[in-house]
Amino acid sequence: MPQEGTAPLFDAGINIEEVKEEDTFNNNYAVTTKNRYGVTGIKYNIFSKNIIEVF
């Protein structure tokens, strides 16, 4: 009998997308998203190591 739903291997708790704004990396950032529940869309500046924006 086939199982329904997503296999745990592919169901990431958190996803991180890197956004390249420019070649100097000063304004590049990463955005976090979750598949279920909780805060999403947090922007983190990779160069300055600070959270930029929380949705």
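Above this text sits the structure in question.
Residues numbered from 1 in each chain as written. Predicted model: local features only at pLDDT ≥ 70, side-chain atom pairs only at ≥ 80, totals over all residues. Heavy atoms only, no water.

Q: Sorry, what's going on with unusual backbone geometry here?
A: Backbone geometry follows two general trends: most residues other than glycine have a negative phi, and most peptide bonds adopt the trans configuration. Despite not being glycine, phenylalanine 25 has its phi angle at roughly 70°, a positive value. Following the sequence through the fold, phenylalanine 25 ends up in the loop between β1 (15-19) and β2 (29-33). Positive phi values are uncommon outside glycine, yet lysine 49 reaches one of about 60°. Turning to its location among the elements, lysine 49 is positioned in the loop between β3 (42-45) and β4 (50-53). (Helix = DSSP H or I, 4+ residues; strand = E, 2+ residues; numbered from the N terminus.)

Q: What should I look at first to understand the pairing of β4 in this one?
A: On a regular strand, each side chain points to the face opposite its neighbour's, so the side chains alternate between the two faces of the sheet. Pairing of β3 with β4 involves three bridges; the strand directions are antiparallel. What sits directly across from asparagine 45, in β4, is asparagine 50. What sits between β3 and β4 in their antiparallel hairpin is a turn of four residues, with lysine 49 showing a positive phi close to 60°. (Pairing = 2+ DSSP bridges.)

Q: So what exactly am I meant to see when it comes to the sheet that holds β1 here?
A: Note: strands within a sheet are paired through backbone hydrogen bonds, in either parallel or antiparallel orientation. Strand order across the open sheet formed by four strands is β1-β2-β3-β4, with antiparallel pairing between neighbours. Whereas interior strands pair on both sides, the edge strands pair on one side only; in this sheet they are β1 and β4. Neighbour-to-neighbour, the strand axes of the sheet open up by a mean angle of 35°, direction not taken into account. By the bridge criterion, four bridges tie β2 to β3 in an arrangement that is antiparallel. Bridge assignment links alanine 30 to a residue of β3, and that residue is tyrosine 44. (Axes fitted to C-alpha atoms, helices over the stretch in contact; angles between N-to-C directions.)

Q: Sorry, what's going on with the side chain of asparagine 45 here?
A: Mapped onto the elements, asparagine 45 comes out in strand β3. Polar side-chain contacts of asparagine 45 include one of 2.8 Å to the backbone nitrogen of phenylalanine 47. Separated by 2.7 Å, the side chain of asparagine 45 and the backbone nitrogen of serine 48 make a polar contact. Discounting residues that sit within four places of it in the chain, asparagine 45 has contacts with Asn26, Asn27, Asn28, Tyr29, Asn50 and Ile52. (Polar contact = N/O pair within 3.5 Å; in protein donor to acceptor, adjacent residues only side chain to side chain. Contact = heavy atoms within 4.5 Å.)

Interpretation note: all reported values are geometric properties and have no functional meaning in isolation.
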